[in-house]
Amino acid sequence: MQPGMLRLTTEELSRIQLELVPVAQGQILSHREFPATIQANQNELAEVTTLIRGRVVKVHVDVGQDVKKGAVLALLHSVDLGVAEGDYLKAGARLHEAELAHARAKELYDNKAVSLAELQRREAAMKTARAELREAKNRLQLLGVPPEEIERLDRELTIKADMSLRAPFDGRVITRNLTRGEVVETEQKLFTVANLTDVWVIGNVPEKDVQFIHRDQSVEVRMTAYPGKIFSGTITYVGDVLDSATRTMRLRITVPNPKKLLKPEMFATVRVYAEPEPEVAMAPVSAVQRSGESSYVFVQLDGGTFEKRPVVLGQE
């Protein structure tokens, strides 16, 4: 028998249960997979802090609770805020007094009872008091006091010294770092509120697979927590620099999360499909035999006669 030829008898064919598959001509779709983790969308994430030192009077929400924009998360009592509110009320009283004094001086000046210099002095005092009131009001605004609280101060003229921490947007409380009675400082992160209607999937792509990645590409995300379930996402960021230690490129995918199934720090696998290759010869992987660096298949010529033919492998 010629080299590279193999002949099997009918008995041998039936005993080894050989499966014959025709070589198909068509389109092949290959893919790459990368490890990844879920993160909150940083564009829809807020660290809630306080702009003034205070003591926690009450905490209204807990971790995992959904909140609406403007909802009160916690209530603080601040001595410093009380001082600022007092300064605002004092500035308002001084302005009222200066306005009355200016009005009296103007009336007296019209009746030639006081000099122009005295009228101008009263006018200057009124303008100074007006500027001091604006400064005191701006300080309250910089401390985070809402307009309705300033209106209450103007109306009731009473100091409360209470500061409400509010949700910046609709979302879910994912961290809480305060307790009732605790004194909190301005540098502390008290709550983290995240809108999880879509999340980021952060992955790392090996250098050899960078060629398959491009922005706005649709990909599949598979979760360890949900076997068999596929989430669709879009690549929204592709790194410009490779990590010198791991030789990988950072990849970010935005995935819709309407049912809140995807949670930050979950493990995931990203599957990216390469551009399909049209009109290629396809054979089962199990039909390919390997010897060293060469690959080959056995082609049936007739009956039990097979020919060993070398092949060059493409995408698997």
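Scroll up to find the structure.
Residues numbered from 1 in each chain as written. Predicted model: local features only at pLDDT ≥ 70, side-chain atom pairs only at ≥ 80, totals over all residues. Heavy atoms only, no water.

Colleague: Is there a simple way to think about the overall build of the chain in this case?
Modeller: The secondary structure content of the chain amounts to four helices and 20 strands. Relative to its length of 316 residues, the chain is extended, with a C-alpha radius of gyration of 37 Å against a globular reference of 20 Å. For the chain, the spread of C-alpha atoms along the principal axes amounts to about 135 × 40 × 35 Å. Here the chain holds 316 residues, and the buried ones make up 33% of them. Within the chain, counting contacts between residues at least 6 apart in sequence, those at least 24 apart form 72% of the total. Of the accessible surface of the chain, which amounts to about 19800 Å², a share of 51% is contributed by carbon and sulfur atoms. In the chain, which carries 42 positive and 44 negative side-chain charges, the distance between the mean positions of the two groups comes to 5 Å. (Helix = DSSP H or I, 4+ residues; strand = E, 2+ residues; numbered from the N terminus. Rg over C-alpha atoms; globule rule 2.2 N^0.38 Å. Buried < 20%, exposed > 50% of the residue type's maximum accessible area, 1.4 Å probe, protein only. Contact = heavy atoms within 4.5 Å. Areas by Shrake-Rupley, 256 points an atom, 1.4 Å probe, with all protein chains shown as cover. Lys, Arg positive; Asp, Glu negative; His and termini not counted. Charge placed at Lys NZ, Arg CZ, Asp CG, Glu CD.)

Colleague: In this structure, what is going on with the pairing of strand 5 (residues 54-59)? I would like to understand it.
Modeller: Summarising the sheet, strand 5 and strand 10 (residues 183-184) pair through two bridges and their orientation is antiparallel. Across the sheet, residue Gly-54 finds its bridge partner in strand 10, namely Val-184. Bridge count between strand 5 and strand 7 (residues 72-77): four bridges; the pairing is antiparallel. Pairing of Val-56 across the sheet is with Leu-76, part of strand 7. (Pairing = 2+ DSSP bridges.)

Colleague: Even after reading the chapter, I still don't get the environment of Ala-287, so can you show me in this structure?
Modeller: If you trace the backbone, Ala-287 turns up in the loop between strand 17 (277-282) and strand 18 (289-291). With relative accessibility at 32%, the residue Ala-287 sits in the partly exposed group. Distance in space between the C-alpha atoms of Ala-287 and Leu-142 is 73 Å, their sequence separation being 145 residues. In this view, Ala-287 contacts Tyr-296 and Val-297; residues no more than four positions away in its chain are not counted.

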